[in-house]
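A look at the structure
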Amino acid sequence: MEKAIVIDMKNLTKKFGGLCAVNDFTGHVKENQIIGIIGPNGAGKTTILNMVSGIYPPTQGEIIFKGKDISKLAPFQINHLGIARTFQNIRLFQEMTVLETIMTAYSWRAPYHFLETFVSLPRVARFEKETKEKCLHWIEKVGLGNEAHSITQSLPYGMQRRVEIARALASEPTVLLLDEPGAGLNQSEIHDLVDLIQGLFTELSLSIMLIDHRMDVIMRLCEWIYVQDFGKNISQGTPEQIQKDPIVIKAYLGEEIINA
Amino acid sequence: MTFYITVAISIAISSIAVLGTFMLTGMNGLFSLGQAAFMGLGAYATAILVVNYGLPFPLAILIAIALAISLAFFVGYATLRIRQDFFALATFGFGQAMIALLTETVTITGGAMGFSNIPRLTSPALAFISLAIAIFFVWGFRRSHFGKDSLAIRSNELAAEVEGINAFKHKMIVFVISAGFAAYAGALMAFHISYVEPATYGWILSVTWIIIVFFGGRDSLTGTVIGAIILLAAPEALRFTTAWRILVYCVIILLIINLRPRGLFGTWEISLKPFLRFFKSKKQQEAK
């Protein structure tokens with residue numbers, strides 16, 4: 001059976017003044033599929049993710065999520081629809097524990113009004129308690145079971161990345177956007193991370209959009225790959241096709257190698 | 001009424017306004033230099049409604065708070081989307097504009113001469129109970145998800161937005177609450193000292209509150225309350241140093257900020273649990 005398209009990106013273009021960061025990108029993510037976007041630095045990979053997560057609106061083009069145009073929505077609205085993301089340069093909250101950080105992902109679901117918190121109605125405490133249990137479950141899932149009450153900033157880099165992933169999962173998304181999850185990690189950490197992503201993907205039947213320029217990560221995880229260079233889409237295909245594509249090799253390694 | 005009780009009431013009332021600043025500047029990192037203007041609005045509105053229009057005191061307070069909240073909504077709508085440093089400037093402008101307005105509308109407010117002969121309706125009980133309730137409100141707000149959201153937005157607004165928090169709405173809620181606190185404090189203050197003048201509610205007062213919050217510890221409710229009591233009492237306690245008063249006051253603040261950058265109390269909170277446990281164990285012993 002053919003899988004349904006979850007996110008459909010049509011002719012996405014983003015210009016910053018005279019600079020065209022993304023030029024006419026078209027692509028899609030299907031249900032329960034991992035796609036990858038690769039390309040050298042400055043190829044506009046993160047810009048695509050930023051447009052999908054609503055951080056800035058596209059100059060042109062549209063993003064259809066489950067039949068709805070989301071290209072003009074604010075980040076929090078897109079999150080509510082079921083798209084969550086992580087950042088390349090980890091963005092955690094200072095001075096908060098792992099548990100507290102992840103609990104904030106549930107805030108918008110709170111059933112109570114702020115006036116109820118003034119008089120500490122029982123359902124405020126009840127919601128906090130339920131949220132805490134759910135979050136402990138996510139913390140366990142990303143393998144940080146012993147660190148729930150550690151301050152996030154005191155954790156090693158690899159663990160901080162896992163906190164970000166847990167926070168994204170706590171939004172209970174259907175689509176997960178991962179912006180260079182392997183950045184700044186060593187070889188064994190990357191290996192564990194790929195296993196983690198693979199495991200979550202299978203268990204939660206997520207759709208994942210992944211950016212990275214580490215080939216081992218991309219090749220192991222992705223079902224379909226888009227290759228970006230200077231804002232343009234130069235190729236797409238399965239990992240095997242991409243590895244053999246002369247245009248991709250040229251963009252990555254330069255002209256001389258091919259000629260030699 | 002003795003001198004000490006009068007001072008204590010003033011401190012309790014001002015502490016309510018400081019709690020508003022604690023929510024806004026301490027928890028959310030929003031520096032409002034126009035916060036005192038809401039206190040001025042509360043003071044004037046209540047005084048005018050009671051003295052000139054003969055409204056009952058509680059009703060006048062409610063109207064004054066409603067006025068401050070509505071005004072905060074408009075000011076917040078215009079300023080809360082801009083960057084935090086510009087927010088400080090914009091609220092500074094708003095605050096000073098309010099002072100100018102109160103000074104110029106001589107026929108209603110009495111202008112720079114102030115508005116006097118306000119009945120002393122703020123009893124000690126009213127002031128102290130109000131402070132206790134205000135502390136309870138902030139405590140409840142802070143331990144709900146709003147407390148965590150505040151910290152999240154303060155430390156990384158983009159990340160907070162991306163995980164589903166409507167940062168603008170959140171900041172609006174906090175701004176409106178803090179304006180309400182300031183207005184209530186203003187109403188009580190006017191009916192405590194029986195006199196209001198515009199100059200009191202300028203940016204210096206807003207800054208004083210911010211200093212108190214950072215002095216006590218912007219991450220500690222306990223610290224803010226104790227900091228408020230210490231720093232609001234200091235000018236009175238330091239009276240014997242006469243002309244050196246301001247200098248000594250400043251040195252104390254500088255020492256605290258340099259020696260304890262996170263404030264006197266850091267993130268420490270007073271907890272009732274040890275007390276409860278103590279009483280429980282006593283009961284058990286008695287039972288034995």
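Please refer to the structure placed before this passage.
In what follows, the accompanying structure is described. Quick caveat, the model's predicted, so the values are computed rather than measured. (Residues numbered from 1 in each chain as written. Chains lettered and ligands numbered in written order. Predicted model: local features only at pLDDT ≥ 70, side-chain atom pairs only at ≥ 80, totals over all residues.)

**Some thoughts on the overall build of chain A**
Counting its secondary structure elements, chain A contains 11 helices and 10 strands. Taking the principal axes of the C-alpha coordinates as reference, chain A spans close to 70 × 45 × 40 Å. Of all 260 residues assigned to chain A, the portion counted as buried reaches 40%. Look at the contacts in chain A between residues 6 or more apart in sequence, and 66% of them connect residues 24 or more apart. (Helix = DSSP H or I, 4+ residues; strand = E, 2+ residues; numbered from the N terminus. Buried ≥ 20, exposed ≤ 12 C-beta atoms within 10 Å, placed from the backbone. Contact = placed C-beta atoms within 7 Å.)

**So, the overall build of chain B**
A count of helices and strands for chain B gives 13 helices and 2 strands. The C-alpha radius of gyration of chain B comes to 20 Å, within 12% of the 19 Å expected for a compact globule of 288 residues. The principal-axis extents of the C-alpha atoms in chain B amount to approximately 70 × 50 × 40 Å. Relative to its 288 residues, chain B shows a buried fraction of 49%. Looking at chain B alone, contacts between residues at least 24 apart form 80% of all its contacts between residues at least 6 apart. (Rg over C-alpha atoms; globule rule 2.2 N^0.38 Å.)

**Observations concerning the nonpolar core**
Counting 82 residues, the largest nonpolar core has Ala183 and Ala185 of chain B as its most contacted members. If you tally residues by element for this core, the top one is helix H9 (residues 167-193) of chain B, at 16 residues. Not counting residues up to four positions away in its chain, the partners in contact with alanine 183 of chain B are Phe38, Met39, Leu41, Gly42, Ala64, Ile65 and Ala68 of chain B. By size, the runner-up hydrophobic cluster in this structure holds 74 residues, among which are Val6, Met96, Leu99 and Met103 of chain A. (Core = buried A, V, L, I, M, F, W, Y, C linked by C-beta atoms within 7 Å.)

**Quick notes on the sheet that holds strand S3 (residues 34-38) of chain A**
All names here are of chain A. Spatial ordering of the open sheet is given by S6-S7-S8-S3-S9-S10, a layout of 6 strands whose pairing is mixed. In the strand order of this sheet, the two ends are held by strand S6 (83-85) and strand S10 (232-237), each with one partner. Between one strand axis and the next, the sheet turns through 20° on average, direction left out of account. The sheet contact formed by strand S7 (residues 175-179) and strand S8 (residues 207-211) spans 5 bridges and is parallel. Each bridged residue has a counterpart across the sheet, and for leucine 176 the counterpart in S8 is isoleucine 208. (Pairing = 2+ DSSP bridges. Axes fitted to C-alpha atoms, helices over the stretch in contact; angles between N-to-C directions.)

**Notes on the sheet that holds strand S4 (residues 60-65) of chain A**
Residues and elements named next belong to chain A. Taking strand neighbours across the sheet as the criterion, the 4 strands line up as S2-S1-S4-S5 in an open arrangement whose pairing is antiparallel. Looking at strand neighbours, the two that pair on one side only are strand S2 (19-30) and strand S5 (68-69), the edges of this open sheet. Sheet analysis places strand S1 (residues 5-16) next to S4, joined by 5 bridges and oriented antiparallel. Residue pairing across strands places isoleucine 7 opposite phenylalanine 65, the latter belonging to S4.

**What to know about the packing of helix H1 (residues 3-27) of chain B against helix H6 (residues 124-143) of chain B**
Residues and elements named next belong to chain B. Two numbers describe how H1 lies on H6: the axes approach to 9 Å, and their chain directions differ by 20°. It follows that H1 is roughly parallel to H6 by the angle criterion. Judged by the twist between their axes, the crossing of H1 over H6 is left-handed. Residues Ile5, Ile9, Ala12, Ile13, Ser15, Ile16, Leu19, Phe22, Met23 and Met27 of H1 lie in contact with H6, whose contacting residues are Pro124, Ala127, Phe128, Ser130, Leu131, Ala134, Ile135, Val138 and Arg142. Here the residues of the contact of H1 with H6 are counted per class, giving 16 nonpolar, 2 polar and 1 charged. (Parallel < 35°, antiparallel > 145°, perpendicular 65-115°, else oblique. Left-handed = near helix turned anticlockwise from the far one by under 90°. Nonpolar A, V, L, I, M, F, W, Y, C, P; charged D, E, K, R; others polar.)

**Topic: unusual backbone geometry**
One non-glycine residue, serine 205 of chain A, adopts positive backbone phi at about 40°. Mapped onto the secondary structure, serine 205 of chain A falls in the loop between helix H7 (187-204) and S8. One non-glycine residue, asparagine 117 of chain B, adopts positive backbone phi at about 60°. Inspection of the secondary structure puts asparagine 117 of chain B in the loop between strand S1 (115-116) and H6.

**So, the pairing of S1 of chain A**
Residue and element names in this part refer to chain A. Here S1 pairs with S2 via 8 bridges, running antiparallel. Within S2, the position partnered with phenylalanine 16 by the bridge is leucine 19. Here S1 folds back onto S2, and the loop between the two strands holds 2 residues, one of which, glycine 17, carries a positive phi near 60°.

**A few points about the interface of chain B and chain A**
At the interface, 22 residues of chain B touch 30 residues of chain A. Elements that contribute at least two residues to the side of chain B that touches chain A include exactly H6, helix H7 (145-155) and helix H8 (157-162) of chain B. Sorting elements by how many residues they give to the side of chain B that touches chain A places H7 of chain B first, with 7 residues. Here the side of chain B that touches chain A is built from residues that sort into 11 nonpolar, 7 polar and 4 charged.

**With respect to the packing of helix H2 (residues 35-51) of chain B against H9 of chain B**
All names here are of chain B. Running from amino to carboxyl end, H2 crosses H9 at an angle of 45°, the nearest separation of the two axes being 7 Å. Considering their axes alone, H2 and H9 lie oblique with respect to each other. Here H2 runs over H9; the crossing is right-handed. Contact with H2, carried on its side by Gln35, Phe38, Met39, Gly40, Leu41, Gly42, Ala43, Thr46 and Ala47, involves Ser178, Ala179, Ala182, Ala183, Tyr184, Ala185, Gly186, Ala187, Met189 and Ala190 of H9 and no other residues of that element.

**Description of helix H3 (residues 57-79) of chain B**
All names here are of chain B. Compared with an ideal rise of 1.5 Å per residue, which puts 23 residues at 33 Å, H3 spans 32 Å between its outermost C-alpha atoms and is within 8% of the ideal. Taken together, the buried positions of H3 are occupied by Ala60, Ile61, Ala64, Ile65, Ala68, Ala72, Val75, Gly76 and Thr79. Here the buried face of H3 lies against H2, helix H4 (84-104) and H9. (Expected span 1.5 Å × (residues − 1).)

**Description of helix H5 (residues 122-141) of chain A**
All names here are of chain A. Between its terminal C-alpha atoms H5 stretches 29 Å, which fits the 28 Å expected from 20 residues at 1.5 Å a residue. Among the residues making up H5, those that are buried are Val124, Thr131, Cys135, Trp138 and Ile139. Burial along H5 is one-sided: seen end-on, the buried residues are contained in an arc of 95°. Every exposed residue of H5 that faces more than 90 degrees away from the buried side is listed here: Pro122, Arg123, Arg126, Lys129, Glu130 and Glu133. (Arc of directions from axis to C-beta.)

Geometric descriptors of this kind do not, in isolation, establish any biological role.
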